[in-house]
Amino acid sequence: MIKVFFPDGTKKEFDNGTTSLDVAGDISKRLASKAIGAEVNGNLFDLNRTLPEESEIKIITLNDELAEGFYRHTFSHILAQAVIRIYGKENVKLGIGPVIKNGFYYDFDLGDVRISDEDLGKIEKEMAKIISEDYPIERIEAGKEKAGEILKDQKYKLELLEGIEDDDVTFYKQGDFIDLCRGPHMPSTGKVKYFKLTSVSGAYWRGDENNPMLQRIYGTAFAKKNELEEYLNMMEEAKKRDHRKLGPKMGLFSFNHEYAPGMAFFHPKGTIALNELMEFSRKMHKEDGYEEINTPLIMNEELWKISGHWDHYSENMYFSEMENQNFAVKPMNCPGHIIIYKSSSVSYRDLPIKMFEFGKVHRYERSGALHGLFRVRGFTQDDAHIFCTMEGVEEQIKGVIKLVDKIYKTFDFEYRAELSTRPEDYMGDPLLWDKATEILKTTLEDVGLNYKINEGDGAFYGPKIDYHIKDSLGREWQCATIQLDFMMPEKFHLKYIDNENQEVQPVMIHRTIFGSTERFFGILTENFAGAFPSWFSPVHAILLPIADRHVEFALDIQKKLSDEGLRVDVDERQKSTNFKVRDAQVNKIPYILVIGDKEIEKNNLSIRTRNNKQINDVEIDYFSKKVKEEIDKKMINSIFE
Ligand SMILES: [Zn+2]
Ligand SMILES: [Zn+2]
């Protein structure tokens, strides 16, 4: 007999050989028809898999969040089957085909054959055929020897098989397609519907540049048609907003892949915007009791040996050698801040010490991983370190949580938090780790900030709180982190003198809020589609004289508005007004001011906003006052709308 326990606490006995489908059918016909799989004792089970003797069971339907793993994985197999049908079994070597966020992919080695975006439609058609042929999906258990036989023509799969320690492996079979796979899968290929192949790109086998380059086909899939459509629309919109295109087009920044791969060049306009963001951050930090500092970019290698970076981070560091001394380019700012801390004797009355730096760091990233401003090799952190007493930790972390909230609210970002715990490659005493993790938990609960736990994703020196902000397209970006650290104070023998004149070790909190300022800038670019709030727009207003005789008046107004602190350009080019308006719109300038006879005669302005709202007869002083108010209040939208 099989004892089945249900989520509502009830239990029932079934015959041996019972499957989740049987259990669902026992509850109702309707549930049986909707069921696609089950969660059994915490594991995902195919619908037709027999249940163990004691089964805590939750039936999964397409509406369930866990359903994604079932149908997306099944799509990846259908994709592989379609590719084999099209390109021929003997020509296709399969890599891996996992589920990812919003979809799935499969890696293929097709020898000399290149798949292009144009081929995706053909593959989709074949996939649709496989779906309509509705093959049952069968789970097959096999020993390693048998498995080796099944996979004898699949060299990559054989390599994977070698890496499996267990003698029992599983295969999934649908029609004439079979794949080494842990599952779970849908009961048949006919059970999936809404998908689209989105792109194809190169991917090294096992992510290693020394291995062959495979071709990776990405797809997306959802349970409902409208979910798929919404996602595809979002992707389309994201493509239009891609900061790698918008940035150069708007004259904000560029990259030079030949001379400085992974490092951004900020042009005058981009620098104005970036500086505004940094100035804002500076002000917020100053108001919150931080003191700004500035530390060297290149320091002796020994420093990084003490800090632990040498053992845990050297693969990502840049090095240099001069006068027989070995130097490292800083990947993090902490050791520099520690040197300042150690340069004088610290009393408990001095604590907390809050050091803030726009610290430029360099971290090596594989060429293949670089991605515009999102993944770079050199960037500027809005980095700070708080040195405090053990008793003061909670209060300090609460302070950081508040500051993060203030800064993100300015951009209208919603956010959520994750608590990342001890990674495999950690430094220090596990008991201290537990204590630090506990402190972060209590603080998060105390301030009522919702969080989820991210096991094993902490920094090597301590657990951390990560923030994920949500942009206007609903995409999430990890930005701020708050890390609690007992290790570095110990490694560097940091001390302060307590009220009984004893030497005590302080605690260190590492934290950034933008994270990488450049990356944050990239996120803002896509979030606002380049139409930045006025306060960090490179140009606030542009004057467009219609004819030569209007230029002088335009220059007068430019002077007047500039004196008031506004950033104002005049487009004096001999081009049509329509052309100039379009150009200003491409550059997402908040206010377009066309100057003609009428404006000169009335000595006022005609305003066109970025959203094409037209307002005439606006007095110059009034315009300047309102725009200044918009900037001072850091308003997201135009004050004239
Ligand atoms: Zn699979
Ligand atoms: Zn740090």
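Rules of the game
Note that residues are indexed from 1 along each chain, following the sequence as it is written. Think of it this way: whatever chain is written first is A, whatever ligand is written first is 1, and the rest follow in order. In view of the model being predicted, local features appear only for residues whose pLDDT reaches at least 70, and side-chain atom pairs are presented and counted only at 80 or more, with totals across whole chains, interfaces and linings using the full set of residues. For the purposes of this entry, the term helix denotes a DSSP run of H or I that reaches at least four residues, the term strand denotes a run of E that reaches at least two, and both are numbered from the N terminus. Partly exposed residues are those whose C-beta has more than 12 but fewer than 20 other C-beta atoms within 10 Å; 20 or more makes a residue buried and 12 or fewer makes it exposed, with C-beta atoms placed from the backbone. Contact criterion: two residues are in contact if their C-beta atoms, reconstructed from the backbone, are within 7 Å. By this definition, two strands are paired if DSSP reports at least two bridges between them. Every axis in this analysis is a line fitted to C-alpha atoms, fitted for helices over the stretch in contact. Angles between the N-to-C directions lie between 0 and 180 degrees. Handedness of a crossover is defined as follows: orient the strands so they point away from the viewer, and if the path from the first strand over the helix to the second runs clockwise, the crossover is right-handed. Roughly parallel refers to an angle under 35 degrees, roughly antiparallel to one over 145, roughly perpendicular to one between 65 and 115, and oblique to any angle outside these ranges. Left-handed describes a crossing whose near helix is turned anticlockwise from the far helix by less than a right angle; the clockwise case is right-handed. In this count, Pro and Cys sit with the nonpolar residues alongside Ala, Val, Leu, Ile, Met, Phe, Trp and Tyr, while Asp, Glu, Lys and Arg are called charged and the others, Gly among them, polar. How far a helix is expected to stretch is found by multiplying one less than its residue total by 1.5 Å. To obtain the arc, one takes the directions from the helix axis to the C-beta atoms. Joining buried Ala, Val, Leu, Ile, Met, Phe, Trp, Tyr and Cys residues through C-beta atoms within 7 Å gives a set, and that set is a nonpolar core.

1. Concerning the overall build of the protein
A count of helices and strands for the protein gives 20 helices and 33 strands. For the protein, the spread of C-alpha atoms along the three principal axes comes to 90 × 75 × 60 Å. Across the 641 residues in the protein, those meeting the buried criterion constitute 35%. Put simply, 68% of the contacts in the protein that link residues at least 6 apart link residues at least 24 apart.

2. Describing the sheet that holds strand S10 (residues 169-174)
If you walk across this open sheet you meet the three strands as S9-S10-S11, and the pairing is antiparallel. Of all strands in the sheet, those with a lone pairing partner are strand S9 (137-142) and strand S11 (177-180), marking the two edges. The average angle at which neighbouring strand axes cross in this sheet is 25°, direction not considered. In the sheet, S10 pairs with S11 via four bridges, with the strands oriented antiparallel. Within S11, the position partnered with Lys-173 by the bridge is Ile-178. This element, helix H3 (residues 67-87), spans S9, S10 and S11 of the sheet and lies at about 125° to S11.

3. Topic: unusual backbone geometry
Residue Pro-184 is bonded to the preceding Gly-183 through a cis peptide linkage, with omega at 0°. Residue placement: Pro-184 occurs in the loop between S11 and strand S12 (194-204). In this model, Leu-351 is joined to Pro-352 through a cis peptide bond whose omega is 0°. In this fold, Pro-352 is placed in the loop between helix H12 (334-342) and strand S20 (353-362).

4. Here's the deal with the pairing of strand S3 (residues 35-40)
Among the six residues in S3, five count as buried, and that is most of the element. Pairing analysis gives five bridges linking S3 to strand S5 (residues 54-61), with the strands arranged antiparallel. Bridging from a neighbouring strand, Val-40 pairs with Ile-57 of S5. As paired strands, S3 and strand S4 (residues 43-46) are joined by four bridges and run antiparallel to one another. By the bridge assignment, Glu-39 is partnered in S4 with Leu-44. Where S3 hands over to S4, the hairpin turn is made up of two residues, of which Asn-41 adopts a positive phi near 50°.

5. Some remarks on the pairing of strand S29 (residues 541-545)
Counting buried positions along S29 yields five of five residues, so the element is predominantly enclosed. Neither face of S29 is open: one carries Ala-541, Leu-543 and Pro-545, the other Ile-542 and Leu-544, and all of them are buried. Bridging between S29 and strand S30 (residues 568-570) involves three bridges; their strand directions are parallel. Bridge pairing in S30 places Ile-542 opposite Asp-569. Each parallel crossover has a hand, and the one from S29 via helix H17 (residues 551-563) to S30 is right-handed.

6. Overview of the packing of helix H13 (residues 393-410) against helix H14 (residues 430-447)
Viewed as axis vectors pointing N to C, H13 and H14 meet at an angle of 55°, and their least axial separation amounts to 10 Å. By the criterion of interaxial angle, the relationship of H13 to H14 is oblique. Both H13 and H14 take part in a crossing whose hand is right-handed. Here Val-393, Glu-394, Ile-397, Lys-398 and Ile-401 of H13 lie close against H14, whose contacting residues are Ile-439, Leu-440, Thr-443 and Val-447. By residue class, the composition of the contact of H13 with H14 is six nonpolar, one polar and two charged.

7. Digging into helix H20 (residues 620-632)
Compared with the 18 Å implied by 1.5 Å per residue over 13 residues, the 18 Å span of H20 between its first and last C-alpha is a close match. Considered for burial, the residues of H20 that qualify are Phe-623, Ser-624, Val-627, Glu-630 and Ile-631. For H20, the angular spread of buried residues about the axis comes to 125°, placing them on one side. Pointing more than 90 degrees away from the buried face of H20 are the exposed residues Asp-621, Tyr-622, Glu-629 and Asp-632. On its buried side, H20 packs onto H17, strand S31 (591-595), strand S32 (604-609) and strand S33 (614-619). At the C-terminal side of H20, Lys-634 shows a positive phi close to 50°.

8. Quick notes on the sheet that holds strand S23 (residues 451-454)
Spatial strand order, S16-S20-S21-S28-S25-S24-S22-S23: eight strands in an open sheet with mixed pairing. Edge strands, defined here as strands with exactly one partner in the open sheet, are strand S16 (291-292) and S23. When strand S24 (residues 464-470) meets strand S25 (residues 476-485), the two strands line up antiparallel, connected through six bridges. Among the inter-strand pairings, Asp-466 is bridged to a residue of S25, identified as Thr-481.

9. Some words on the packing of H3 against helix H4 (residues 120-133)
As a packed pair, H3 and H4 sit with axes 9 Å apart at the nearest point and diverge in direction by 115°. With respect to their mutual orientation, H3 and H4 come out roughly perpendicular. Where H3 crosses over H4, the two elements pack in a sense that is right-handed. Along the contact surface, H3 presents Ile-78, Leu-79, Gln-81, Ala-82, Val-83, Arg-85 and Ile-86, while H4 presents Lys-122, Ile-123, Glu-126, Met-127, Ile-130 and Ile-131.

10. Details of the environment of Thr-481
Looking at where Thr-481 falls in the secondary structure, it is placed in strand S25. Residues Thr-481 and Lys-398, 83 residues apart in the sequence, show an inter-C-alpha distance of 13 Å. Apart from the residues within four sequence positions on either side, Thr-481 is in contact with Lys-464, Ile-465, Asp-466, Arg-511 and Thr-512.

11. Describing the nonpolar core
Ile-397, Val-404, Leu-440 and Ile-509 are the most contacted members of the largest nonpolar core, which has 60 residues in total. Among the elements that line this core, the one with the most residues is H13, at six residues. Each residue touching Ile-397, except ones within four places of it in the same chain, is listed here: Leu-440, Thr-443, Ile-482 and Ile-509. The next biggest cluster of nonpolar side chains, apart from the first, holds 51 residues, and it includes Leu-79, Ile-131, Cys-181 and Met-186.

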